[in-house]
There are 2 protein chains.
Amino acid sequence: MCAAINNDALADPVSLGRLLTRLEDDPGAAREILAQLPAPPPGTHRIGITGSPGVGKSTLMGRLIQRYRRNDFPVGVVAVDPTSPLTGGAILGDRIRLGDVQADPGVFIRSLGSRGSLGGVTPGASAVAGTLEAAGYRRILIETVGVGQTGYDVICLADTVIALFSPEAGDGVQLLKAGILEIGDIFVVNKSDRPGAELMFKEISQSLEISQLTAADRLHHGPAASEEQVPDAPVDCWHPPVLAVSARDDEGVAEVLAAAESHRDWLAGLPADHPRRRRRIARELGFVLRSRVSRALELELAGRVEQLAARVYQEELALWEAVDELRRDLRELL
Amino acid sequence: MCAAINNDALADPVSLGRLLTRLEDDPGAAREILAQLPAPPPGTHRIGITGSPGVGKSTLMGRLIQRYRRNDFPVGVVAVDPTSPLTGGAILGDRIRLGDVQADPGVFIRSLGSRGSLGGVTPGASAVAGTLEAAGYRRILIETVGVGQTGYDVICLADTVIALFSPEAGDGVQLLKAGILEIGDIFVVNKSDRPGAELMFKEISQSLEISQLTAADRLHHGPAASEEQVPDAPVDCWHPPVLAVSARDDEGVAEVLAAAESHRDWLAGLPADHPRRRRRIARELGFVLRSRVSRALELELAGRVEQLAARVYQEELALWEAVDELRRDLRELL
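Residues numbered from 1 in each chain as written. Chains lettered and ligands numbered in written order. Predicted model: local features only at pLDDT ≥ 70, side-chain atom pairs only at ≥ 80, totals over all residues. Heavy atoms only, no water.

This part is about the overall build of chain A. The secondary structure content of chain A amounts to 13 helices and seven strands. Split into buried and exposed, the 334 residues of chain A put 55% on the buried side. A separation threshold of at least 6 residues defines the contact pool for chain A, and within that pool the share at least 24 residues apart is 76%. Accessible surface, chain A: about 14,200 Å² in total, of which carbon and sulfur atoms supply 51%. (Helix = DSSP H or I, 4+ residues; strand = E, 2+ residues; numbered from the N terminus. Buried < 20%, exposed > 50% of the residue type's maximum accessible area, 1.4 Å probe, protein only. Contact = heavy atoms within 4.5 Å. Areas by Shrake-Rupley, 256 points an atom, 1.4 Å probe, with all protein chains shown as cover.)

Let's shift gears to the packing of aromatic side chains. Here a ring pair, both rings aromatic, is described through the centre-centre distance and the interplanar angle of the planes. All names here are of chain A. Taken as a whole and assessed by the stated rule, the structure comprises eight aromatic pairs over all chains. On the basis of an interplanar angle of 40° and a centroid distance of 5.7 Å, the ring pair of Trp238 and Trp266 is categorised as tilted. Residue Trp238 is found in the loop between helix H9 (197-221) and strand S7 (242-244), and its partner Trp266 is found in helix H10 (residues 253-269); the two are separated by 28 residues along the sequence. Over the aromatic face of Phe73 sits the side chain of Arg138, whose NZ or CZ is 4.3 Å from the ring centroid. (Phe/Tyr/Trp six-rings, centres within 6.5 Å; stacked < 30°, edge-to-face > 60°. Lys NZ or Arg CZ within 6 Å of the ring centre and 35° of its normal.)

With that settled, consider the pattern of salt bridges. According to the stated counting rule, one finds 40 salt bridges over all chains in the structure shown. Where Asp324 of chain A meets Arg31 of chain B, a salt bridge forms, and the shortest distance between an N and an O atom there is 3.2 Å. Placement of the pair is Asp324 of chain A in helix H13 (residues 319-333) and Arg31 of chain B in helix H3 (residues 27-36), with the two residues belonging to separate chains. A salt bridge links Asp185 of chain B to Arg276 of chain B; the nearest nitrogen and oxygen atoms lie 3.3 Å apart. With a gap of 91 residues between them, Asp185 of chain B in the loop between helix H8 (172-183) and strand S6 (186-189) and Arg276 of chain B in the loop between helix H10 (253-269) and helix H11 (279-298) connect regions that are remote in the sequence. Assessed through its relative accessible area of 5%, Asp185 of chain B is described here as buried. (Salt bridge = Lys/Arg side-chain N within 4 Å of Asp/Glu carboxyl O.)

Residues and elements named next belong to chain A. Side chains Ile186 and Val188 of strand S6 (residues 186-189) all project onto a buried face; the interleaved residues Phe187 and Val189 project onto the opposite face, where all are buried too. Note that strand S5 (residues 160-165) and S6 share four bridges and pair parallel. Each bridged residue has a counterpart across the sheet, and for Ala163 the counterpart in S6 is Phe187. As paired strands, S6 and S7 are joined by three bridges and run parallel to one another. (Pairing = 2+ DSSP bridges.)

Turning to the environment of Asp12 of chain A, a few remarks are in order. Residue and element names in this part refer to chain A. By the secondary structure assignment, Asp12 is in the loop between helix H1 (7-11) and helix H2 (13-25). Linking Asp12 and Ser205, residues 193 residues apart in sequence, is a C-alpha distance of 44 Å. A polar side-chain atom of Asp12 sits 3.1 Å from the main-chain amide nitrogen of Val14. At 2.4 Å, the side chain of Asp12 forms a polar contact with the side chain of Ser15. (Polar contact = N/O pair within 3.5 Å; in protein donor to acceptor, adjacent residues only side chain to side chain.)

On to the confidence of the model for chain A, then. All names here are of chain A. Within chain A, residue pLDDT values average 81, and 76% of them lie at 70 or more. When pLDDT is averaged over each element of chain A, S7 comes out on top at 97 and helix H7 (residues 148-154) at the bottom at 59. Overall, residues 87-97 carries pLDDT values under 50, and its contacts beyond four positions in sequence, including any with other chains, amount to 19 contacts. In the predicted structure, residues 222-234 sits below a pLDDT of 50 and forms seven contacts with residues beyond four places in sequence or in another chain. Both scores are given for the predicted complex: the pTM is 0.80, the ipTM 0.83. (pLDDT = per-residue confidence, 0-100.)

As structure tokens, then:
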């Protein structure tokens, strides 16, 4: 059923687009398609940009694309942000037209629907990113809202995570508490000319310092660490930089790109058996499985869920008994 | 292994706390515990409060608890918000001490760890809510950040969802676009004395109107609707109210409570076979299954994920092949 993939199908944007649509629409075909893809060329890298709605992810992404293109890097974009203006075409907001980026054959933008819902699932995201790599795009930018199930999950597909903040969003410290510190490799405060930007910059820097001290403390004095286990150098010595940018005015963007490339080099320089090198793959495996389960529950098993819910509602079944039944059905589908 | 549950284990807060800990820690025992619980008394209701970090969820919740207690309603609280001050004791912020609520034997507060991460899973949340109901708590308040995988998922456990905004969070319109309109049954703007509150109130009201018009339009003119299928009245005629409050000053809170009770009455008045009546149960079934899968990936299968990731990293396996292997393992565990 599935035509063999040749390089033409990847090289031509229209065929590539069709291939991605098949990947997304038909999970059965996806496996066959993926099995036929060439291995991605070495040295590709995935950069995720996450942040609350309105912090300027698309604008920063547009600026990064422009810079990568100046270096002749083909750039693939996977956008999984229901609030993203990417699909609308006004990627850099009102001020800057992105015609040059969107008309550029070295840029391939794919917007993945999350069905307009905070809890939408995007099981195709992993396959899309992998296919873009196989097609020769050397940098894959992944845009996700840092909020919502989808947003968090999709960031699992990135090697380097840029956590973007803006003083106007006002959720900086709260997000830091909520665990964004553990997710980000690079922290960026956008709209650095606005009031509150400096304070936000300081707060992020301080939170990072504290979390690193705590981590070092755990490493050296933690109950699990015996004398022999204490290494000479910290196991993970990437210190996430905190940068200030004005993406709209293209200020500070070069530093963000440099930090992303540094992080890539740092990863590549780790010992081959270092778990951090394969963290993205480990997370991606989890992402694919979780997405499949969500998809099964929302599509194939939707009727069954309704039927069981009705029986629980009528007190014919306890909730845990319905869970048992559903578990059996899900097992068949996995 | 599991001692029979008698009513004492539910009536006494200390025993109840221990029971909940066992539910959370040992999913194997949970099934046995749940099977022994008495059916919850009729008329219980679950109210979820969701919103970005810092909008004032805990403060509003504290105010709602106070009011329910004046009506002598025992209130159970399930808090799944890593940024919540609930666990810290300062539930109403700096100004108001919540000593009276926390010392009240008619209030049981359970804070569920989400492991301090945006993507933490809380497989026990459903069992905890069900057990609190069985223990006789007539209103269950569920607090979640509207952001992060956990936040979205846990709101599936509520019958009535209050979506809370504050002009300072600045993400109102963006969140509306991101699908919060579909989740909320009651919309509340907190900190209504602050600048921007009125504008936010208007924006939410307008967005709701538009989404209702669109829904009505789909209903009456949608391609799927034949003449015969058009019902006399809209299928779902709950019009989510938009309310302004100042939770800190206890202003407008009575109206929020009244709206929650109205929504409960509206649900109870729907025809017995109306899908909306069992929506919470259907969502809860999905929540429990998804949580189990996440837990299996993070605990039981963690070593296996690492091992497969290493093989993908060393190019011994393609990612989709590793997914296939992991799928088989997961099937065994479900």
